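Each chain, letter by letter, is given below.
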Amino acid sequence: MDEDAALRSKVTSTLLLGEPPVSVVNDNKYISPPTAGDADHDRPSLDAAIHAALSGGPRTVVLLGPEGSGKTTALEKLVVGWARGEHLQNFSFVFHLRFRELSSLDGTPLSLETLMRRHGGRHLPPEAVRQVLRNPESALFVFDDLDRCDRGSDPSAVPPCSDPGRAAPVSGLVAGLFGGSLLKGVAVAAATRPTESREFFPSGARRVQVSGFLKPQREAYFRGFFPDDPAAAAAASAHMESTLGFYEFCTSPRFCWTVCSVYKSLMDAGAELPETLSQLYAGVLVRLTRALRLNEARGRALVSALGEMASRCLVGSDSSCAEEEMDSFGFRPFLKEAGAFLRVDDDGGDRSDGRRRVFSFHSRPIQEFFLAAAFLWDPSSGGVEETLAKHEGRAEFLDVFLSGLSQPLRRRPLEAALGAPNAERVADFNRWFRSDSREALAGCRKDRHLRCFRMLLEAGNESLVKEVVDAAARIGISYGDVSLRDCAALGYVVSRLGGVEHLNLYRTGHLTGAQAETLAPAMRLSREINLNSSSLSSAAATHLASALSGGATEELDLSQSALGDDTFKTLCAGLRNCKLRTLKLHNCDLTAASVEALSAALCSGHSELRKVDLTRNLIGERGVEALSKSLQHPLCTLTSLNLFDCELTGACCAHFSEALMSSCCSLTELDLSVNDLRQEGALLLCRALRRPGCPIQKLSLQRCQLTAPVFEELSSVLRGGASRLTSLSVGLNAVGDRGVKHLWDAVAHPSCLLEELDVEMTGLTDAGVQDLCGALRTSSTLRSLELRNNAMTDAAVPALVRAARDSDSMLEMNLKYNDFSEDVFELMDECEKIRY
């Protein structure tokens, strides 16, 4: 082989395929990926999971994960470590069998004894085989690429083998080893993609999900790739995380190898690193075509052939193509170069039948990139709508790559190798994209919005974002439960727009730290953020706090999010220096500890919070005391506090009374409804309400076990001339006509400023209607009266209608759910102020 051939062999065999597992292990570059799990910090390493499974019964472990996730390298590390004496020394024999190499045997009967002798190593003596048969516990079988074990169209036709000396198909031997009918007690470790090969696994087999590298492992991988230049490793790693780290396939060690290879060549040349996946793959394609010395014409012909194959594999039922099929794509002139772009395997067939090799793509993204490039550089296929429709439901990245390659800046490196794309094709896509995006964004389908955002992110054109996301776009729909990839796209669009009024993330099932970090720029630019009914990790709360600090957000809704004290205290760090004015924390599992952290933020001098809703949080008297102290602080700007249904008692009212007596208190709205305040507690509040200058304007005490004396005291407050109360809700307190009469007396008094009064379900009857109507005729301020769920009858209706009609101030009287019959409906209809 000459030097050029050697160079081509080295470049083409590694750039997309990744570094050979044996090289990774032998060169001490191996990094054990974590296993899949809900929380990053709870994930054991893959090596630890394998060793744990092989140490106890039934000593059968199966690694499940996508192509390129590190399964093969993990098994290589397992075997090499055993051979070096580093671990698993309880095994005397380890048989490492790769189905990629055994495929020619599948279907050909052979015994387990023969399999061990042929594939157990060149120097395995016959006595060793006999020893394994006598003592199966001393052996470990390691199967890689188990998904390549073909069990035929009818797996039941190949039963598990039970006799190590009897010839059987390889699939029968594997099934026997897994099931325990063959060499009972033997240990088995296998790796497979999530396919039908699961039928091999016994119920007791340990299944380990392999998800690839998380961010810490990726950073370690980059340090290993740039061992002599830590600064370059850090810069390259940070760049990939910020531009590509939101793609699921960035977890693949193989993809990390490709990225590192491209980045290193660009950094050595002083060139800019790619900003998008389109640019990365364009760089790969350029590098490979130059290494293979393909001119523009041959490069375009190769891309066209790759595009044809990509389409065939997407639309067809098979993800690979036999050698004779490649001719139909125009691949015959490029079969020698195929290994640079495709995976090439021996199909195991008879070499005389023409099916000598099988070709497949290394990954779905690169497959669809070739399809997109072929569309733009080869005008022979159909238009954009026809192409997208043909691959709808099958292609995940096609429209994204078309969007990226339609932009001159993104495709510039590719033009150096292939020449300019077809101008009509580029214009065709751009017309479709603008039309489709405007239609999508004018609707309410989240999936179509996110698809548009992904294409805008890949295009990387700020003016295009502002053109497409116009005034008709309904950006306020819920984008809850989005993937990390969609977080990046949404964040990009919001950032390029310069912010949005409402960032709606309602019902985000589990907002991770990575998602929150990616969304942080968008959060920082959003006036309102809705995370209602969501779940935030502690790491997510840290990034949300950072976004709030110094950001533009004025309203944050975290209601129904089960934050808990630890997560909320993390969030409070961002409340000390932000523009947040409204914080909704309805039912967030908070206790006094959270309220104390909140109170500290309120008194920091850097908080602009005006409104806090703590509905249905069990904060207790300790929490109320902390809030009351903050309300008395001169730097606290809180004006509205909702403590609905917090299981408070009358003892808490002493703290509120103390706060309301303070000249520093700026609280104008207080909701203590559905708490067991009772008479003693409520009277303490009334004492504070009498203070001249008490700021309270809106007070809600619904279902607080109030009594008639409390209503009498409230009446006195309203008539005293010092009260600023304009809204009072005291419904669901059963005081009857005599108790509510005190309020009618107040409403009729010229010093009373009430505009809204709620006496729902207080036990009103026809006996109290005369006092009610008299108060309405006298009041010049009352606009809204809530009388639902009382016991008034038809006899009261004429007087109520006249009173409502005669009142100059009354705008609405709600009489729903009283004891009215249909006979008076027509009469109530005559007054538009009445609701019934």
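Worth saying up front: this structure is predicted, and the values here are computed from it rather than measured. (Residues numbered from 1 in each chain as written. Predicted model: local features only at pLDDT ≥ 70, side-chain atom pairs only at ≥ 80, totals over all residues. Heavy atoms only, no water.)

Engineer: Tell me about the overall build of the chain, and name the residues and values.
Structural biologist: Regarding its fold elements, the chain presents 35 helices and 21 strands. In summary, the chain has a C-alpha radius of gyration of 36 Å against a globular reference of 28 Å for 836 residues, an excess of more than 25%. With respect to the three principal axes, the spread of C-alpha positions in the chain is 105 × 70 × 60 Å. When each of the 836 residues of the chain is scored for burial, the buried share is 54%. When contacts within the chain are restricted to residue pairs at least 6 apart in sequence, long-range pairs at least 24 apart make up 78% of them. Accessible area for the chain stands at about 34800 Å²; split by element, carbon and sulfur atoms hold 47% of it. On the chain, the mean spot of the 91 positive side-chain charges and the mean spot of the 108 negative ones are 5 Å from each other. (Helix = DSSP H or I, 4+ residues; strand = E, 2+ residues; numbered from the N terminus. Rg over C-alpha atoms; globule rule 2.2 N^0.38 Å. Buried < 20%, exposed > 50% of the residue type's maximum accessible area, 1.4 Å probe, protein only. Contact = heavy atoms within 4.5 Å. Areas by Shrake-Rupley, 256 points an atom, 1.4 Å probe, with all protein chains shown as cover. Lys, Arg positive; Asp, Glu negative; His and termini not counted. Charge placed at Lys NZ, Arg CZ, Asp CG, Glu CD.)

Engineer: Before we move on, can you summarise the packing of helix 24 (residues 513-524) against helix 25 (residues 538-548) with the specific residues and values?
Structural biologist: Packed helices, taken two at a time, are described by their axes: the angle between them and the distance between them. It is the contact of helix 24 with helix 25, at a shortest axis distance of 8 Å, that shows an interaxial angle of 15°. As judged from the angle between their axes, helix 24 and helix 25 are roughly parallel. Between helix 24 and helix 25 lies a crossing of right-handed hand. Of the residues in helix 25, those touching helix 24 at Gly513, Ala516, Glu517, Ala520, Met523 and Arg524 are Ala539, Ala540, His543, Leu544, Ser546 and Ala547. Across the contact of helix 24 with helix 25, the residue classes break down as seven nonpolar, three polar and two charged. (Axes fitted to C-alpha atoms, helices over the stretch in contact; angles between N-to-C directions. Parallel < 35°, antiparallel > 145°, perpendicular 65-115°, else oblique. Left-handed = near helix turned anticlockwise from the far one by under 90°. Nonpolar A, V, L, I, M, F, W, Y, C, P; charged D, E, K, R; others polar.)

Engineer: Provide a residue-level description of the packing of aromatic side chains, including the pertinent values.
Structural biologist: Evaluated as defined, the whole model comprises 23 aromatic pairs. Aromatic side chains Phe141 and Phe143 sit 6.3 Å apart centroid to centroid with 15° between the ring planes, which places their arrangement in the stacked category. With a relative accessible area of 1%, Phe141 lands in the buried category. The buried category is assigned to Phe143, whose relative accessible area is 1%. With 5.6 Å between their ring centres and 70° between their planes, Phe249 and Phe397 make a pair best called edge-to-face. Of the two residues, Phe249 sits in the loop between helix 10 (230-243) and helix 11 (253-268) while Phe397 sits in the loop between helix 17 (384-390) and helix 18 (398-405), which places them 148 residues apart along the sequence. For the pair formed by Phe249 and Phe397, the shared burial category is buried. (Phe/Tyr/Trp six-rings, centres within 6.5 Å; stacked < 30°, edge-to-face > 60°.)

Engineer: Describe in detail the sheet that holds strand 4 (residues 187-192), supporting the description with residues and values.
Structural biologist: Spatial strand order, 2-3-4-1-5: five strands in an open sheet with parallel pairing. Here the strands that pair on one side only, and so sit at the sheet edges, are strand 2 (93-98) and strand 5 (206-209). Adjacent strand axes in the sheet meet at a mean angle of 15°, parallel and antiparallel pairs treated alike. Here strand 3 (residues 139-144) runs beside strand 4; their pairing, made up of four bridges, is parallel. Along strand 4, the bridge assignment pairs Leu140 with Ala187. Strand contacts of helix 6 (residues 112-119): strand 2 and strand 3, with the helix running at about 90° to strand 2, the strand carrying the most contacts. (Pairing = 2+ DSSP bridges.)

Engineer: Hey, could you go over the environment of Ser483 for me, with residue numbers and the actual values?
Structural biologist: Checked against the element boundaries, Ser483 lands in the loop between helix 22 (462-468) and helix 23 (484-497). Along the sequence, Ser483 and Gly65 sit 418 residues apart, while their C-alpha atoms lie 19 Å from each other.

Engineer: I'd like a description of helix 32 (residues 736-747), backed by residues and values.
Structural biologist: Here helix 32 contains 12 residues, and its C-alpha end-to-end distance of 17 Å stays within 8% of the 16 Å for a straight helix at 1.5 Å per residue. Buried-residue contacts for helix 32 involve helix 31 (708-719), strand 17 (727-729), strand 18 (756-758), helix 33 (769-778) and strand 19 (784-786). (Expected span 1.5 Å × (residues − 1).)

Engineer: Lay out the state of the cysteines in plain terms, naming residues and giving numbers.
Structural biologist: Applying the stated criterion across every chain yields a total of zero disulfides. Lacking any disulfide linkage, Cys652 is separated from the closest cysteine sulfur, that of Cys653, by 6.9 Å. Considering cysteine sulfurs only, Cys665 is the nearest to Cys664, which forms no disulfide, with 8.9 Å between them. In this structure Cys664 comes out as partly exposed when scored by relative accessible area, which is 32%. (Disulfide = S-S within 2.5 Å.)

Engineer: Go over the pairing of strand 3, please, and point to the residues and values.
Structural biologist: For strand 3, the tally of buried residues reaches six of six residues, placing the bulk of the element in the interior. Neither face of strand 3 is left uncovered, since the one carrying Ala139, Phe141 and Phe143 and the one carrying Leu140, Val142 and Asp144 both have all their residues buried. Across six bridges, strand 2 lies against strand 3 in parallel orientation. Residue pairing for strand 3: Phe95 is matched across the bridge by Phe141.

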